[in-house]
Amino acid sequence: MSAAKGVRQLFAAVAQHDYERAEALWARPEVRERISRKAFPQNYGQLTAVYETRQPELVDELVGQAFIFSKFSEKLNGLLRLKGRFYACVFASRFEDARNVLAEVRKSYGWSLWQVESQFALNYELDNHEENRKLIERLIETSGKSRSINLFAATCFLRSGPGITTHIYRQLCYVIERELRKVTGGGNDAEYLRYSALVWNSPVLDALSFRAVVVSEQDAALVDRYRTFVLALNRFLADSVEGNTPLVGKLLSDLKDIEDPDLDKLRFVINEPISTPASQLLASADEYLAYLRSEPRLQAHAEEVVDVDRLILQARAYARGLLEHGEVTTLESRIVKALAQVFGRATEFESAVGALDAVLRRYSMAGWAPHLFSAVTAETNAVPVSIFHSRIAQLHGLTAAVTNPQKRRYFPATISSLSSAPGDPCEHALLQIYDLWAAHREQAIDQVRRLKLPGVTGAFIVLHLHASGGAHEEVVGTYVLVSSWSEPYYRCRGLVLVANSAIELGELGLACKVIWELWQDNNRYLGGILWTRLLQDLLSLDQWPTMRRSPLLAVVLHLYESKYGLEQRRVISDAFQDFLEAHSVRSALDLPANAFGDVAIRGYFLEHVCTTDVMEGTRYLPSMRAVEAERLRICQAIENQFPEFEARARNEIRSILEHDLVRRRLKTLDEGRVYVDTDALREELFATLKERFPNVRDYLIANRGKQLAIEFDALSRDQGRLMVETNPTLVALEPIYRLVRDAFVLSKRFGMNTYVSAEMRHGMVEAQLKSSLLKWGLVETSVSASGRGAPSWNAQISSLDEQGRRSMERAFERFNMAITKIVTDIRDDLLQMKLQPDVTKGGFALEIRRENLDQIASHIQPQTSTEEFIQMMMIHLWSITDVSLARLRGVVDKSIRHVATSAFDQLIDDVETCAAHGDVGALRTAVISARADFEGDLSVVVKWLQRAQPDNFEDFRFMEAWDTAHEMIRRMFPNLRFAVTSQEAQDDRSFKGFGFRHMVRVLALALENVAIRSNLADPEVSVSVQVDEGKLTIRIVNTVATLSEPQHLAANADLDRRMLELQSEHLSGVDTEKGSGLPKIKKIITSDLASDCEIVVRYDNPSSFRLELQMSTDQVLV
Amino acid sequence: VRILIVEDQLKKREQVRAVVESTVNDVSIEEAPSYYAALDRILKGDLDVVLLDMTIPIYEDQHDGHKSPMWIYGGEEVLRQIRRKQMQTKVIIVTAFDYFSDGKLSRSLDDLKIALEAHFRPQYQGTVLYKSGSDSWKQPLSDLLVRLIKAL
């Protein structure tokens, strides 16, 4: 591979976020050499030529860009050194030197927003407005109205304008945005400008579109792109989303070769090791601070305050937009400075914290607070502020740690003077009142009340002043106060504080009550609750008994579960059960209204807590049926009593009833799968026998009790004619008995064999008997399965030593053979019809016996009609069948079960023997579990071996049949996760009840086909039904079918041929149980549903198999 | 001595019962085939010892005739309930499995024993690995029972 190609592929890999490949390419010397040889890409577009952003998601972009920047560390380090020199010169007021540095940056790194901005700022600092004007002209002259120059010009102009506040700045941004839109006609510039405005000058984070940033910066200078990257990294970290910090840590690690104090500050924030000594990092802000202090606009104020308070003033000025031309560096310098003060001058602790807080709030960087305050705490050995969740609480925690009276010297004489001071009085009041706390507690409370501090700070102060007494009444008093606040934000924040204080005081009942109120107000604030502590306390054996009479225990646990996920969901069941027990009732509906206190709590409890999964396994509900019945009752109560939940309850009721209906129908279908359509047979037989039977009857009556002598020609001349004595029954009755029996058994439309084939032999018995083995991974689903191994356990078996592996392979081969033999014996022997005495196979013993003929003959009377005879035969044949079925059930339940158990026992022994060759614990568990489940499967098959009860299904909708078939197949293939999408006919017509069983069989056969042939663990099936002009069309599409390895088929012609072959395979196997089942589907539709039928099967494409069933509607629709 | 055997498999239940009968004199043995039945019986509070299978169905049978799903750690849940109710009933786990997985949590029998020791002492008294085709588990179970009965 050429070096150039390698470089292209490298960036292409980055664009696809394939960093493994990118690293592999980077490891190639020729690629590294080419990149390092190339000039530093001044314009990011030089990279984007090969690096096209695929999905500009923030995380992907950060990772991708970190990768790229890490490869240009040397060049970036050069730039960063120049940047450092520039600021050093500015801070030292050596502006000419600073200008030279910028010129060097321009020469080495090309045009960049940062460089132009700095140039403008410098010119402004020197009051050289003429120079700025020239700069703009030069930029426009150089690049006309190109996008980036417009951006430079607009942004720099705005940033360098004197006395522009944030508000004006943003207004101007939008004006410029509109102007730019006119010029460029596109949105990128405008987006970029908006981004600039938002990120650099506004605390509004929500509106930030990172995609817009990435797109608009495609042509930006690499220098600016790097700056945006660092900024985005700051924002990303500030988001406080779980997982952000570790990712930032990783990115910083990737960028370890870049010597950037900005990155070191980030490392510092997330407690990563930093290369710069901490003291140096902190001290680096001093010069800048000095620079700020020298600002004329601050001097007037500076004279009024002592040194440390000046920082607070500066922060306020900052917040009021007086320091607009600084940017992130300013902010970070302030933070670092605040920290430096904390570390260096402990007596100014409060002021430092206040300043820190001010700048964090100014930049909506609350996410930083925990890190920074933690750092401060670590330095000062203060209380672990991490126990507080809100920023203000952390601030409070820090302040509380300061016990040295000397540190209080900065607070003003009175709170009143603070309240009239500019800025946010609450924050300062917090600091000052806190100092009053110990000595003048009551006075402090009065002051806070008098001031009517509206915010969370006020709440916090009041709360803690109250709570400091440790009395329940005081916390309750604060709760009442906070609850009365009308402003939702403050009320919610206050409730969080009240709840946490209650938790800390062990007032769990109150805490739960407040949390409930908070949830009703705005559940977004639940994140501030001290959940870990609360859950630990709630679930402790000490607390549990005191909480068990309250519904709030279960409710709060459920709130937590729904928002964050409980480790042990059973605790909700415990709380539910204990609540019922505490009130001596057996049903939630029997709980008295006063047990809840609040009707809303009762509503929540009934709707969300009293669910089947919570009630399952609890006392008083001894079965799943009881649980579901209870849930149904509860839903009905909700529907009647809680209008706000009515719709949901009604839906759930419908769902429960539908599910129950499916199961009841399935149970009916499962209990007896041996069926003959005797009504249809009677009709058919009557036509055949109506003339023949009367003759037979009369003959039998006339000759009853006689022996007949029948002459036969002798076999040889010597013997002459042979006289054989026989019974007239045999002569006359046997032929029509045989005719009826054959129709009963073999009629392709109505006979038993057809039904046994479709309902049991065709895949069903095998699927049922293998469902447990599939579930435990001991066999494969697919028709192409080898049937030899235990597919899911190959890895574990492979990990055994050679001897163990061979031994296990042999064991599974034996086991599979045994199971296959069981299936074969049942399917090909027991479930076959035995019609001749000399045939050995067949569990349905329906051969003609002399005693049976005699029995029928004895019942034929002179007045017996043809209909009565047919009826008599039906009853007779069913009684014989019942005897066979009883015997078959016994064989399966005992002999087959014994054989199966032996096979499992043998396998378990084999597995245990193999324990000496490696770890087979999981496999052993699977085999033992499969054995237990297999026993259940056998019991299911035993239930099938009963006469199907006459159907009396009610009229049904198509989806009811579909759901029943789906459930049937789901049970047979428990490991398959069908993704079913359905599109029901809009007219939602009903089908006649008689067709339910047949429709379910049709759909089950189709689904079973998908299960067996898709070769997938997650088949996707879409079903739709349409009624149009007397035709019902059902489309079942297996949307991810796998046509066998289409990639190996050389040409389209091959593919077409293979698809045709597969389509014809689906239509084969008419007389066996091994085919697709489509002929059986056709039979069911034409015979049982008495409809015309057309079946279309085809591959729409190699991964989409379509089965289309079309039938006439006149017989099936109501 | 009142002993409850919590086991859904008939054969294993009978074998465990035989060991109990041959080990403990004057014993009243009851049986529970599911989590629900076990809990219902245990919470009456008059049992001395529970011989508890780890993997048990929640209910005996579902109403549609199908077997209730197995609860892989159902035995642990029974133990949790005993501890939560602060009952003094002693429990011996008798399991055929030496590996457990419910899809979320996979543990070897040794890991499970450690967890039970850590969380459910003093109610939890030990574990016996049952093997259907072997008598190796009978003596350890018998020994544990003898020790327990003595301490009662």
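(A) Fine view of the overall build of chain B. Within chain B, the secondary structure is distributed over five helices and nine strands. In chain B, the order of α-helices and β-strands from amino to carboxyl end is β-α-β-α-β-β-β-α-β-β-β-α-β-α. Counting across all 152 residues of chain B, residues that qualify as buried make up 55%. Surface exposure of chain B reaches about 6400 Å², of which carbon and sulfur atoms provide 47%.

(B) View of the overall build of chain A. When helices and strands are counted, chain A shows 53 helices and 11 strands. When each of the 1118 residues of chain A is scored for burial, the buried share is 53%.

(C) Spotlight on helix α50 (residues 958-972) of chain A. Taking 1.5 Å per residue, 15 residues should reach 21 Å; α50(A) reaches 21 Å between its end C-alpha atoms and fits that length. The buried fraction of α50(A) amounts to 13 of the 15 residues, a majority that puts the element mostly inside the structure.

(D) The arrangement of the packing of aromatic side chains in detail. Tallying each qualifying case throughout the model produces 24 aromatic pairs over all chains. Relative to Phe100(B), the ring of Phe97(B) lies with its centre 6.0 Å away and its plane at 70°, an arrangement referred to as edge-to-face. In this pair, the class of Phe97(B) matches that of Phe100(B), namely buried. For Lys71(A), the ring lying beneath its charged end belongs to Phe67(A), and the centroid distance is 4.3 Å. Against the face of Tyr130(B) rests Lys12(B), its NZ or CZ located 5.3 Å from the ring centre.

(E) Up close: the interface of chain B and chain A. On the chain A side, the residues contacting the 31 residues of chain B number 39 residues. If you look at where chain B meets chain A, you find seven salt bridges. Notably, a salt bridge pairs Arg570(A) with Glu77(B), separated by 3.6 Å at the nearest N-O pair. Counting across the interface, chain B meets chain A through 11 residue pairs in polar contact (both at pLDDT 80 or more). Of all the secondary-structure elements, those providing two or more residues to the side of chain B that touches chain A are α2 (35-42) and α3 (74-84) of chain B. For the side of chain B that touches chain A, the element with the highest residue contribution is α3(B), accounting for five residues. Residue composition of the side of chain B that touches chain A, by class: 12 nonpolar, eight polar and 11 charged.

(F) Structural view of the sheet that holds strand β6 (residues 90-95) of chain B. Residues and elements named next belong to chain B. If you trace the five strands from one edge of the open sheet to the other, you get β2-β1-β3-β6-β9, paired in parallel fashion. Where the open sheet ends on each side, the last strands, each with one partner, are β2 (28-32) and β9 (124-129). Across the sheet, the axes of successive neighbouring strands diverge by a mean angle of 20°, strand direction being ignored. As paired strands, strand β1 (residues 2-6) and strand β3 (residues 49-52) are joined by four bridges and run parallel to one another.

(G) Main features of the packing of helix α46 (residues 802-830) of chain A against helix α48 (residues 866-913) of chain A. Residue and element names in this part refer to chain A. The geometry of α46 relative to α48 is characterised by a closest axis approach of 9 Å and an angle of 175° between their N-to-C directions. Between α46 and α48, the interaxial angle falls into the category roughly antiparallel. Along the contact surface, α46 presents Met 808, Ala 811, Phe 812, Arg 814, Phe 815, Ala 818, Ile 819, Ile 822, Ile 826 and Leu 830, while α48 presents Leu 888, Val 891, Val 892, Ile 896, Val 899, Ala 900, Ala 903, Phe 904, Gln 906, Leu 907, Asp 910 and Val 911. Among the residues making up the contact of α46 with α48, the classes are represented as 19 nonpolar, one polar and two charged.

(H) Molecular detail of the confidence of the model for chain B. Residues with a pLDDT of 70 or more make up 95% of chain B, whose mean pLDDT is 87. Model confidence for the complex is summarised by a pTM of 0.58, with the ipTM given as 0.88.

(I) Main features of the environment of Tyr109(A). Residues and elements named next belong to chain A. If you trace the backbone, Tyr 109 turns up in helix α7 (residues 95-109). A residue is classified by how much of its surface remains accessible, and Tyr 109, at 8% relative accessible area, is buried. Separated by 2.8 Å, the side chain of Tyr 109 and the backbone oxygen of Lys 75 make a polar contact.

(J) Molecular detail of the pairing of β1(B). Residue and element names in this part refer to chain B. Within β1, four of the five residues are buried, which leaves the element mostly enclosed by the surrounding structure. Where β1 and β2 come together, five bridges link them in parallel fashion. Bridge pairing in β2 places Val 6 opposite Ala 32. A crossover connection joins β1 to the parallel β2 through helix α1 (residues 10-23); in handedness this β-α-β unit is right-handed.

(K) Representation of α46(A) in the model. Residues and elements named next belong to chain A. Between its first and last C-alpha, α46 extends 40 Å over 29 residues, near the 42 Å set by a 1.5 Å rise per residue. Among the residues of α46, those classed as buried are Gly 804, Met 808, Ala 811, Phe 812, Phe 815, Asn 816, Ile 819, Ile 822, Val 823, Ile 826, Arg 827 and Leu 830. Its buried side turned inward, α46 meets α43 (752-761), α44 (764-775), α45 (794-798), β4 (844-845), α48 and α49 (921-944).

(L) Spatial organisation of the pairing of strand β8 (residues 1020-1028) of chain A. Residue and element names in this part refer to chain A. Examined bridge by bridge, β8 and strand β9 (residues 1031-1038) share eight bridges and lie antiparallel to one another. Counterpart to Asp 1028 in the pairing with β9 is Lys 1031. Connecting the antiparallel pair β8 and β9 is a turn made up of two residues, with Glu 1029 showing a positive phi of about 50°.

(M) Up close: the nonpolar core. Grouped together as the largest cluster of nonpolar side chains are 248 residues, with contacts concentrated most on Phe605(A), Phe869(A), Ile1034(A) and Leu51(B). Examining the composition of this core, we find that 19 residues originate from one element, α48(A), more than from any other. Ignoring anything within four residues of it in the chain, the contact list for Leu51(B) reads Ile3(B), Leu4(B), Ile5(B), Val6(B), Val16(B), Val20(B), Ile92(B), Val94(B), Leu141(B) and Leu145(B). The next biggest cluster of nonpolar side chains, apart from the first, holds 47 residues, and it includes Phe67(A), Phe86(A), Phe229(A) and Leu263(A).

(N) Quick peek at the packing of helix α38 (residues 624-641) of chain A against helix α39 (residues 646-670) of chain A. Residues and elements named next belong to chain A. Between α38 and α39, the least distance of the axes is 8 Å, while the angle of their chain directions is 150°. Comparing the axis directions of α38 and α39 gives the class roughly antiparallel. Along this stretch, α38 crosses α39, giving a crossing that reads as left-handed. In this structure, α38 contributes Glu 628, Arg 631, Leu 632, Cys 635, Gln 636, Ile 638 and Glu 639 to the contact, and α39 contributes Glu 646, Ala 649, Arg 650, Glu 652, Ile 653, Ile 656, Leu 657 and Arg 663. Class assignment of the residues belonging to the contact of α38 with α39 gives a composition of seven nonpolar, one polar and seven charged.

(O) Region of interest: the environment of Val731(A). Within the element layout of this structure, Val731(A) appears in helix α42 (residues 728-746). Taking relative accessible area as the criterion, Val731(A) reaches 38% and is therefore assigned partly exposed.

(P) Quick look at the pattern of salt bridges. All chains considered together, the criterion is met by 57 salt bridges over all chains. Across the pair Arg1035(A) and Glu1108(A) runs a salt bridge whose closest N-O atoms are separated by 2.9 Å. A residue pair is termed long-range when its members are at least 10 positions apart, and Arg1035(A) in strand β9 and Glu1108(A) in strand β11 (residues 1104-1112) qualify at 73 residues. Residue Arg80(B) is joined to Glu77(B) by a salt bridge in which the shortest nitrogen-to-oxygen separation is 2.8 Å. Of this pair, Arg80(B) and Glu77(B) both sit in helix α3, three residues apart, which is roughly one turn of the helix. Put simply, Arg570(A), Asp574(A), Asp578(A), Glu581(A), Glu77(B), Arg80(B), Arg84(B) and Lys85(B) are held in one network by salt bridges that share partners.

(Q) Local environment of unusual backbone geometry. Between Arg121(B) and Pro122(B) the backbone carries a cis peptide bond, its omega angle lying at 5°. Structurally, Pro122(B) can be placed in the loop between α4 (109-120) and β9. Phi is positive for Ser584(A), close to 55°, though the residue is something other than glycine. Tracing the chain through its elements places Ser584(A) in the loop between α35 (570-582) and α36 (599-609). One non-glycine residue, Asp26(B), lies in the positive phi region at around 50°. Positionally, Asp26(B) belongs in the loop between α1 and β2.

(R) Focus on the environment of Asp801(A). Residue and element names in this part refer to chain A. Relative to the elements of secondary structure, Asp 801 occurs in the loop between α45 and α46. Since its relative accessible area comes to 36%, Asp 801 is described here as partly exposed. Taking C-alpha positions, Asp 801 is 9.5 Å from Cys 914, a pair spaced 113 residues apart along the chain.

(S) Region of interest: the confidence of the model for chain A. This prediction gives chain A a mean pLDDT of 68; 58% of its residues lie at or above 70. Contacts from residues 451-456 of chain A, a stretch scored under 50 in pLDDT, to residues over four places away or in other chains number 16 contacts.

(T) Layout of the side chain of Thr611(A). The residue Thr611(A) is located in the loop between α36 and α37 (612-615) in this model. Reaching out from Thr611(A), the side chain makes a polar contact with the side chain of Asp613(A) at a distance of 2.6 Å.

Conventions and cut-offs
- Residues numbered from 1 in each chain as written.
- Chains lettered and ligands numbered in written order.
- Predicted model: local features only at pLDDT ≥ 70, side-chain atom pairs only at ≥ 80, totals over all residues.
- Heavy atoms only, no water.
- Helix = DSSP H or I, 4+ residues; strand = E, 2+ residues; numbered from the N terminus.
- Buried < 20%, exposed > 50% of the residue type's maximum accessible area, 1.4 Å probe, protein only.
- Areas by Shrake-Rupley, 256 points an atom, 1.4 Å probe, with all protein chains shown as cover.
- Expected span 1.5 Å × (residues − 1).
- Phe/Tyr/Trp six-rings, centres within 6.5 Å; stacked < 30°, edge-to-face > 60°.
- Lys NZ or Arg CZ within 6 Å of the ring centre and 35° of its normal.
- Contact = heavy atoms within 4.5 Å.
- Salt bridge = Lys/Arg side-chain N within 4 Å of Asp/Glu carboxyl O.
- Polar contact = N/O pair within 3.5 Å; in protein donor to acceptor, adjacent residues only side chain to side chain.
- Nonpolar A, V, L, I, M, F, W, Y, C, P; charged D, E, K, R; others polar.
- Pairing = 2+ DSSP bridges.
- Axes fitted to C-alpha atoms, helices over the stretch in contact; angles between N-to-C directions.
- Parallel < 35°, antiparallel > 145°, perpendicular 65-115°, else oblique.
- pLDDT = per-residue confidence, 0-100.
- Right-handed = clockwise from strand over helix to strand, strands pointing away.
- Core = buried A, V, L, I, M, F, W, Y, C linked by side-chain atoms within 4.5 Å.
- Left-handed = near helix turned anticlockwise from the far one by under 90°.

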